Amino acid sequence: MKGFSELHKASISEGALSTKTKELIALGIAITIRCEGCIACHVHDSLEAGANAEEIKETIGVAILMGGGPSVVYGCEAMEALNQFGIFEQNEAVH
């Protein structure tokens, strides 16, 4: 786990791509591979890296495009994670 943690830190660090962009990519992959724990983690980390609700929603849309029907279900999981982290769009809960 220590090695994986070090790999994660190195992979997500600033480089040619920003940490925010890398977290959004990781979120899209998490949705397409249907990993609930990864989805919650990368929604959180995307927000921490400066992503906003619109950027996360667009990432969900691209993940659904690439992952098809099953990704719709897990895209909804990502939307619920936004809701649980208290990110609301125009003072309304994200559904």
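Residues numbered from 1 in each chain as written. Predicted model: local features only at pLDDT ≥ 70, side-chain atom pairs only at ≥ 80, totals over all residues. Heavy atoms only, no water.

Turning our eyes to something else, we now look at the side chain of glutamate 23. Structurally, the position occupied by glutamate 23 is in helix α2 (residues 19-33). Lysine 22 provides the closest opposite charge to the buried, salt-bridge-free glutamate 23, at an N-O distance of 9.6 Å. Once residues within four sequence positions are removed from consideration, glutamate 23 is found in contact with His8, Ile12, His42, Asp45 and Ser46. (Helix = DSSP H or I, 4+ residues; strand = E, 2+ residues; numbered from the N terminus. Buried < 20%, exposed > 50% of the residue type's maximum accessible area, 1.4 Å probe, protein only. Lys, Arg positive; Asp, Glu negative; His and termini not counted. Salt bridge = Lys/Arg side-chain N within 4 Å of Asp/Glu carboxyl O. Contact = heavy atoms within 4.5 Å.)

In this section: the environment of asparagine 52. Structurally, asparagine 52 can be placed in the loop between α3 (36-48) and α4 (53-67). In sequence terms asparagine 52 and glycine 75 are 23 residues apart; their C-alpha atoms lie 16 Å from each other.

A few words now on the side chain of histidine 42. Note that histidine 42 resides in helix α3. By relative accessible area, which is 11% here, histidine 42 ends up buried. In contact with histidine 42, not counting residues within four places along its chain, are His8, Glu23, Ala26 and Leu27.

Mapped onto the present numbering, the UniProt feature "domain: Carboxymuconolactone decarboxylase-like" (unreviewed entry) falls at residues 1-80. Secondary structure across residues 1-80 comprises 82% helix and 0% strand; the distance between its end C-alpha atoms is 28 Å. (UniProt positions renumbered as here; feature names shortened; annotations may be inferred.)

Turning next to the pattern of salt bridges. When their charged atoms lie close together, side chains carrying opposite charge are able to pair. Counted according to the given criterion, the structure contains two salt bridges. Lysine 20 is the salt-bridge partner of glutamate 55, the closest N and O atoms lying 2.7 Å from each other. With glutamate 55 in helix α4 and lysine 20 in helix α2, the pair connects residues that are 35 residues apart, well separated along the chain. Judged by its relative accessible area of 23%, lysine 20 falls in the partly exposed class. Here lysine 57 makes a salt bridge to glutamate 54, at a shortest N to O gap of 3.6 Å.

Across its 15 residues, α4 extends 21 Å between first and last C-alpha, which sits within 8% of the 21 Å expected from 1.5 Å per residue. Of the residues making up α4, those classed as buried are Ala53, Ile56, Thr59, Ile60 and Ala63. For α4, the angular spread of the buried residues around the axis is 120°, confining them to a single face. Exposed and facing more than 90 degrees away from the buried side of α4 are Glu58 and Leu65. (Expected span 1.5 Å × (residues − 1). Arc of directions from axis to C-beta.)

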